[in-house]
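# Summary of structural features
This is what each chain is made of:
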Amino acid sequence: MLETEKLITGDWIEIREASKDLYSLIAYFKPSAEIINKQIELIRNSVEGGIVEYKRSSLMPVFIALENMKYQSLNAEEMYIQEINSKALLYVIVLQRMLCQGTVPLSADRTKKTRAIFDVDINTIVTDIKERLNRDPSIKNHPSVKKILMQVNLYRKEHNKLKELFNQIKTDKMASYLSNFVLSFDTIFSSIRKNYSDLLTEEETKVRKGQEIRILASLPLKKLTEIYTRQAREVSRIRSVLGYARSEKYKTREILVRLYQDKENILKTIDAEETSYKNLCRHENNLSPDDCFKRTELEFKKELLILLARTIRDIS
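In this report, the structure presented in the accompanying data block is examined. As a convention, each chain's residues are numbered from 1 in the sequence order in which they are written. In view of the model being predicted, local features appear only for residues whose pLDDT reaches at least 70, and side-chain atom pairs are presented and counted only at 80 or more, with totals across whole chains, interfaces and linings using the full set of residues. Values reported for side chains reflect all heavy atoms of the structure, with hydrogen atoms and water molecules removed beforehand.

### Some details on the overall build of the chain
Under the convention used in this document: A run of H or I in DSSP counts as a helix once it spans at least four residues, and a run of E counts as a strand once it spans at least two, with each numbered from the N terminus. Any pair of residues with heavy atoms lying within 4.5 Å of one another is described as a contacting pair. With residues, only the protein chains shown are counted as cover, and all accessible areas are computed by Shrake-Rupley using a 1.4 Å probe.
In terms of helices and strands, the chain carries 14 helices and zero strands. Put simply, the chain runs from its N terminus to its C terminus through helices and strands in the order α-α-α-α-α-α-α-α-α-α-α-α-α-α. Residue pairs at least 24 apart in sequence account for 82% of intrachain contacts in the chain once pairs closer than 6 positions are excluded. With the model as given, the accessible surface of the chain reaches about 17200 Å², and the carbon-plus-sulfur share is 52%.

### Some remarks on the packing of helix α5 (residues 76-101) against helix α11 (residues 225-248)
The line we're drawing: In this description, a line fitted to the C-alpha atoms serves as the axis of each element, helices being fitted only across the stretch in contact, and the angle between N-to-C directions of two axes falls anywhere from 0 to 180 degrees. Put simply, angles under 35 degrees are roughly parallel, angles over 145 are roughly antiparallel, angles from 65 to 115 are roughly perpendicular, and the rest are oblique. Handedness of a helix crossing follows the sense of rotation of the near helix relative to the far helix, less than a right angle counterclockwise being left-handed and clockwise being right-handed.
Contact pair α5 / α11: the axes reach a minimum separation of 8 Å and the direction vectors enclose 160 degrees. Relative to α11, α5 is oriented roughly antiparallel. When you trace α5 past α11, the crossing you get is left-handed.

### Considering the side chain of Glu303
Inclusion rule: Here the term buried applies to any residue with accessible area under 20% of the maximum for its type, exposed to any over 50%, and partly exposed to those in between, with areas from a 1.4 Å probe on protein chains only.
Relative to the helices and strands, Glu303 is located in helix α14 (residues 289-315). Judged by relative accessible area, Glu303 falls into the buried class, the value being 5%.

### So, the side chain of Ser58
Assignment of secondary structure puts Ser58 in helix α4 (residues 50-68). In this structure, Ser58 is in contact with Leu42 and Leu89, ignoring residues within four places of it in sequence.

### Examining the packing of α4 against α11
Packed helix pairs are characterised by how far apart their axes lie and by the angle those axes make with each other. Note the following rule: Just so you know the grouping, Ala, Val, Leu, Ile, Met, Phe, Trp, Tyr, Cys and Pro go in nonpolar, Asp, Glu, Lys and Arg go in charged, and all remaining residues, Gly too, go in polar.
Following both chains from N to C, one finds α4 and α11 inclined at 30 degrees, their axes separated by 13 Å at the closest point. By the criterion of interaxial angle, the relationship of α4 to α11 is roughly parallel. The two elements α4 and α11 cross, and the hand of that crossing is left-handed. For the pair α4 and α11, contact is made by Lys55, Leu59, Val62, Phe63 and Leu66 and by Tyr228, Gln231, Val235, Ile238 and Leu242, respectively. Its residues assigned to classes, the contact of α4 with α11 shows eight nonpolar, one polar and one charged.

### Section: the pattern of salt bridges
Opposite charge on two side chains permits them to pair, given that their charged atoms come into close proximity. Going by this rule: Every case where a carboxyl oxygen of Asp or Glu lies within 4 Å of a side-chain nitrogen of Lys or Arg is listed as a salt bridge.
In the structure shown here, the tally under the stated rule is 15 salt bridges. We note a salt bridge from Arg56 to Asp271, for which the minimum N-O separation is 2.8 Å. Here Arg56, found in helix α4, pairs with Asp271, found in helix α13 (residues 263-281); they are 215 residues apart in sequence, far enough to count as distant. Judged by its relative accessible area of 30%, Arg56 falls in the partly exposed class. Between Lys294 and Asp290 there is a salt bridge, with its nearest N and O atoms 3.3 Å apart. Taken together, the residues span about one helical turn, with Lys294 and Asp290 both in helix α14 at a distance of four residues. Among the ionic contacts, a cluster of salt bridges with common partners joins Arg56, Asp271 and Glu274.

Here it is, written out as structure tokens:
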């Protein structure tokens, strides 16, 4: 037990030190583009409760896996999966904490936001467009969506053509053929990213129209630092315990069961975030408390998406 507590404390101290600037944080967590793109997609899809919804949904698989331990052993592979999930969530929470501390500045202008969007994974863009079409088929008439769908179809044709020709191409001509296809794919992907960026910019402009006050810039965000510190410490503990259990393998059931029993206390740190938003909004005179609360959730979501896109750019 003492060994586990030492590990938990040591991991948290390292995270706290790494969070002094974004580059140190990225160097400590070493996130992959795949993991970050997954967080971007999960956050984008959290349309009802924003970041709070994302955090709850990210913790659920961890607790489900821990609950299953009551009936069967939690294998090393499952522990590793949940360790990675909790590590990704922890990265996002620490980013939010850094925003509130002022360690990472809020986005300053529209140009930075647009540039960050360009780095979104193509599969994430295509998935988002498909989901939009399922919700509202009429969106296929939007100019940007039309162009994206055209480029997706073009990519499929080019990809099929490559597969058909691959076995027919002579070895000495292979490099030249592949170079042409790579250039074609890059052009297609650039067009998809540009049109997706145009679509999001248009949507965000509509939302921002008549709402030029940036809530996060006007609220005393440092008051939220303590909430995110508690969240980060709890999620860091989950990650540390899972990592310890996975490496030790034996006589770890007790600490995993204890971790599951702390489920409600851990989730309370997420509930406290919503309460804190509402408390801060009581002192915001420019908007009604309800509008302030919704805008706070929305802006936090946008700021974190920008930071995650920046993370991908920095690790590429």
